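Next come the chains, spelled out residue by residue.
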Amino acid sequence: MPYMPGPAEVPTATFDLLLEHERYERALFCPPNPQLASAEHAIGLHVSALVADGGTLQIGIGGLGDAVCYALLLRHQQNAAWRQALHDVGAARFAATLDAAGDRDAFREGLFGCSEMFVDQILDLYRAGVLRRRVYDSLPLSRLIARGNLGDRFDARILGDLPHAGVAPRLGAADFAELQRFGVFRSECRYERGRIRSPDGEWIPADLGDAAAAARLAATCLGRELRNGHVLHAGFLLGPRGFYAALREMPAPERRQFDMRAISSVNQLYGDDYELRVLQRRGARFVNSTMMVTLLGAAVSAGLEGGRVVSGVGGQYNFVAMAHALPDARSVRCLRAWRPHDGRAQSNIVWEHGHVTIPRHLRDLVVTEYGIADLRGRTDAECVATLLNVADSRFQDALLARAVAAGKLPAGYAIPEPFRRNTPAQLERALAAHRRAGLFSDYPFGTDLTP
């Protein structure tokens with residue numbers, strides 16, 4: 001297992017007992033990458049167009065998360081091919097939502113990752129230059145970044161900006177230590193009794209409000225670029241053998257960009273550093289899979305009717321709630337529109353279900369292989385109509401009848417014709433040429449599965 005740094009580290013004194021014996025040595029469980037069918041790839045394409053450059057990304061483990069990462073890589077590395085595939089799966093029908101919430105260009109600023117699970121494909125995004133927006137655990141610096149006054153590289157203007165971001169003009173020892181840690185002051189400088197010693201031995205008042213002192217600090221003590229930033233905050237990691245090997249072999253300074261912290265830090269906003277978390281997680285897209293969605297927007301992810309538990313809720317609720325709390329975030333719940341059951345097809349978009357994980361009042365973006373349903377702020381009638389547009393066409397009429405019977409849609413309502421061809425066959429035709437060209441393979445990231 002690779003050793004990962006970050007606030008999740010605890011001192012040796014935390015442990016009462018350490019067992020070291022060969023009988024306790026086990027091979028790591030390394031879940032293999034699953035197969036991605038056309039439905040997963042189509043979902044990934046739609047989600048990848050909802051991710052805004054310069055934003056924040058959270059994904060879960062599994063095929064849908066893999067498909068999202070693959071589509072993000074394709075968008076960044078082969079943008080023309082990605083745009084054509086997006087068009088071919090019918091994304092033009094959802095242009096208004098994509099224009100409002102997403103982006104279609106290659107990544108310039110890049111993304112920051114804030115995800116409970118650090119999965120293999122996040123590392124692929126980092127290697128490709130998609131995951132490269134760094135955040136810094138400094139509230140004043142984060143305020144300046146949010147205002148557009150600071151980038152990874154800076155000049156003397158930063159000393160004039162810092163007092164407007166909450167730093168006292170007369171720097172104390174803690175202020176200096178924080179700024180030095182993140183590269184504002186050179187590592188050779190030293191603070192003592194209200195003065196800063198420059199690398200050439202000059203003692204300068206640590207007073208940013210003193211123009212002469214600030215000029216000397218800028219000339220002799222100022223760094224040139226921020227240091228100790230993170231491209232990812234995560235709670236734990238899981239993936240195939242190559243993933244663990246890549247992290248083990250990564251140089252320690254590079255590995256420190258992947259910062260492991262408490263689940264309570266990653267999965268929510270609330271804490272003493274609330275403002276810092278909000279600033280770091282700008283433009284967030286929290287992407288999670290679900291099993292079923294009701295026509296009123298509730299999601300079924302953890303249990304079934306009759307009390308059968310399928311999984312723990314995990315962080316899904318936290319990320320959905322966070323998406324509604326952050327000013328520019330969205331929750332994206334992904335599901336295949338249908339599933340086989342006892343030899344028959346069944347819809348995963350349903351009128352109602354006896355168990356829900358995410359209630360209807362937290363509805364937001366829902367993505368199936370057939371497109372995007374934007375449910376946030378919609379009336380029940382709008383929500384039902386929008387979800388019918390991304391349901392499998394084999395089930396649309398029956399679902400529509402239930403909605404009409406319940407009074408949620410008027411009698412005589414008709415699903416628009418562009419959404420009446422949501423079928424697996426149509427989806428396969430849309431991706432066929434792209435598959436022949438070598439895109440959207442069953443195992444785009446490889447797999448540890450044997451034949």
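One can find the structure itself at the top, above this paragraph.
Nothing here was measured: the structure is a model prediction, and the numbers come from that model.

Colleague: Is there a simple way to explain the packing of helix 5 (residues 120-127) against helix 10 (residues 241-249) in this structure?
Modeller: The angle between the axes and the distance between the axes are what describe a pair of packed helices. Taken N-terminus to C-terminus, the directions of helix 5 and helix 10 make an angle of 50 degrees; their axes are 9 Å apart at the nearest point. One finds that helix 5 runs oblique with respect to helix 10. Crossing handedness for the pair helix 5 and helix 10: left-handed. Contacts between helix 5 and helix 10 involve Asp 120, Leu 123 and Arg 127 from the first element and Phe 243, Ala 246 and Leu 247 from the second. Among the residues forming the contact of helix 5 with helix 10, the class breakdown is four nonpolar, no polar and two charged.

Colleague: Mind showing me how you'd approach the sheet that holds strand 5 (residues 203-205) here?
Modeller: Sheet strands pair by backbone hydrogen bonding; their relative direction is either parallel or antiparallel. Strand order in the open sheet made by the three strands is 3-4-5, with antiparallel pairing throughout. One side of each edge strand has no neighbouring strand; the edge strands of this open sheet are strand 3 (190-192) and strand 5. Strand-to-strand twist of the sheet, defined as the mean angle between neighbouring strand axes without regard to direction, takes the value 30 degrees. Both strand 3 and strand 4 (residues 195-197) contribute to a ladder of three bridges, which runs antiparallel. Residue pairing across strands places Arg 190 opposite Arg 197, the latter belonging to strand 4.

Colleague: Explanation requested: the sheet that holds strand 10 (residues 299-300) in the structure shown.
Modeller: Reading across from one edge, 10-9-14 is the order of the three strands in this open sheet, with mixed pairing throughout. Among the strands making up the open sheet, the edge pair consists of strand 10 and strand 14 (349-350).

Colleague: Please clarify how the pattern of salt bridges should be interpreted in this entry.
Modeller: Side chains that differ in sign of charge can pair as their charged atoms come close. What the rule picks out here adds up to 30 salt bridges. Where Asp 105 meets Arg 83, a salt bridge forms, and the shortest distance between an N and an O atom there is 2.7 Å. Taken together, the residues Asp 105 in the loop between helix 4 (95-101) and strand 2 (112-118) and Arg 83 in helix 3 (residues 79-88) connect sequence positions 22 residues apart. Its relative accessible area of 34% is what places Asp 105 among the partly exposed residues. Between Asp 364 and Arg 330 there is a salt bridge, with its nearest N and O atoms 2.7 Å apart. In this pair, Asp 364 sits in the loop between strand 14 and strand 15 (365-368) while Arg 330 sits in strand 11 (residues 330-334), placing the two residues 34 residues apart along the sequence. The exposure classification of Asp 364 matches that of Arg 330, with both residues buried.

Colleague: Just checking my understanding: could you explain the environment of Asp 175 for this structure?
Modeller: Here Asp 175 shows up in helix 8 (residues 173-181). The exposure class assigned to Asp 175 is partly exposed, which follows from its relative accessible area of 28%. Counting along the chain gives 162 residues from Asp 175 to Ala 337, while the straight-line C-alpha distance between them is 53 Å.

Colleague: Sorry if this is basic, but what is going on with helix 10 here?
Modeller: Structurally, the α-helix is built with 3.6 residues per turn, so residues lying three or four positions apart point the same way. Those residues of helix 10 that fall on the buried side of the exposure criterion are Phe 243, Tyr 244, Ala 245, Ala 246 and Leu 247. Against strand 2, helix 5, strand 6 (232-237) and helix 11 (252-255) lie the buried residues of helix 10.

Colleague: What is the right way to read the nonpolar core from this model?
Modeller: Across soluble globular proteins, you tend to see nonpolar side chains buried next to one another. Counting 88 residues, the largest nonpolar core has Phe 118, Leu 123, Leu 131, Phe 258 and Leu 387 as the members making the most contacts within it. Once you skip the residues sitting within four places of it in the chain, Phe 258 turns out to touch Met 4, Pro 5, Phe 118, Leu 123, Tyr 126, Leu 131, Val 231, Leu 232 and Met 250. Core analysis: the second largest hydrophobic core is formed by 27 residues, Leu 162, Ile 196, Ala 206 and Cys 221 among them.

Colleague: What exactly am I supposed to notice about the packing of helix 1 (residues 38-48) against helix 3 here?
Modeller: Where helix 1 contacts helix 3, the axes come no closer than 10 Å and their chain directions differ by 110 degrees. Judged by the inter-axis angle, helix 1 sits roughly perpendicular to helix 3. As helix 1 packs across helix 3, the resulting crossing turns out to be left-handed. For the pair formed by helix 1 and helix 3, the contact residues are Leu 45, His 46 and Ser 48 on the first element and Trp 82, Ala 85 and Leu 86 on the second. Split into classes, the residues belonging to the contact of helix 1 with helix 3 amount to four nonpolar, two polar and no charged.

Colleague: Would you mind going over the side chain of Asn 422 with me for this structure?
Modeller: With respect to the secondary-structure elements, Asn 422 resides in the loop between helix 16 (393-405) and helix 17 (424-436). In this structure the side chain of Asn 422 is engaged in a polar contact, spanning 3.3 Å, whose partner is the side chain of Arg 93. Within the local environment of Asn 422, its side chain forms a polar contact with the backbone oxygen of Ala 391, the two atoms lying 3.0 Å apart. With sequence-adjacent residues up to four places away left out, Asn 422 is seen in contact with Arg 93, Tyr 370, Asn 389, Val 390, Ala 391, Asp 392, Ser 393 and Gln 396.

Colleague: What's the story with the pairing of strand 12 (residues 338-341) in this structure? I'm lost.
Modeller: Successive residues of a regular strand alternate their side chains across the two faces of the sheet. Pairing geometry for strand 12 and strand 13 (residues 344-347), over four bridges, is antiparallel. Within strand 13, the residue paired with His 341 across the bridge is Arg 344. Counted between consecutive antiparallel strands, the loop separating strand 12 from strand 13 contains two residues, among which Asp 342 sits at a positive phi close to 55 degrees.

Colleague: Sorry, what's going on with the packing of aromatic side chains here?
Modeller: Counting across every chain of the model gives 12 aromatic pairs. Seen from their ring centres, Tyr 70 and Phe 440 are 5.7 Å apart, and the 70 degrees between their planes marks the pair as edge-to-face. Placement of the pair is Tyr 70 in helix 2 (residues 63-77) and Phe 440 in the segment after helix 17, with a sequence separation of 370 residues. With a relative accessible area of 12%, Tyr 70 lands in the buried category. When its relative accessible area of 0% is taken as the criterion, Phe 440 is described as buried. For the ring pair Phe 118 and Phe 243, a centre distance of 5.1 Å and an interplane angle of 85 degrees mean the geometry is edge-to-face. In this pair, Phe 118 is assigned in strand 2 and Phe 243 in helix 10, connecting sequence segments 125 residues apart. The buried category is assigned to Phe 243, whose relative accessible area is 1%. A connected cluster of aromatic rings, assembled from ring pairs, spans Phe 118, Tyr 126, Phe 243, Tyr 244 and Phe 258. Stacked on the ring of Trp 82, the Lys or Arg Arg 75 has its end atom at 5.8 Å from the ring centre. Note that Arg 394 overlies the ring of Trp 338, its terminal NZ or CZ placed 4.6 Å from the centroid.

Reading the values: the criteria
Residues numbered from 1 in each chain as written. Predicted model: local features only at pLDDT ≥ 70, side-chain atom pairs only at ≥ 80, totals over all residues. Heavy atoms only, no water. Axes fitted to C-alpha atoms, helices over the stretch in contact; angles between N-to-C directions. Helix = DSSP H or I, 4+ residues; strand = E, 2+ residues; numbered from the N terminus. Parallel < 35°, antiparallel > 145°, perpendicular 65-115°, else oblique. Left-handed = near helix turned anticlockwise from the far one by under 90°. Contact = heavy atoms within 4.5 Å. Nonpolar A, V, L, I, M, F, W, Y, C, P; charged D, E, K, R; others polar. Pairing = 2+ DSSP bridges. Salt bridge = Lys/Arg side-chain N within 4 Å of Asp/Glu carboxyl O. Buried < 20%, exposed > 50% of the residue type's maximum accessible area, 1.4 Å probe, protein only. Core = buried A, V, L, I, M, F, W, Y, C linked by side-chain atoms within 4.5 Å. Polar contact = N/O pair within 3.5 Å; in protein donor to acceptor, adjacent residues only side chain to side chain. Phe/Tyr/Trp six-rings, centres within 6.5 Å; stacked < 30°, edge-to-face > 60°. Lys NZ or Arg CZ within 6 Å of the ring centre and 35° of its normal.

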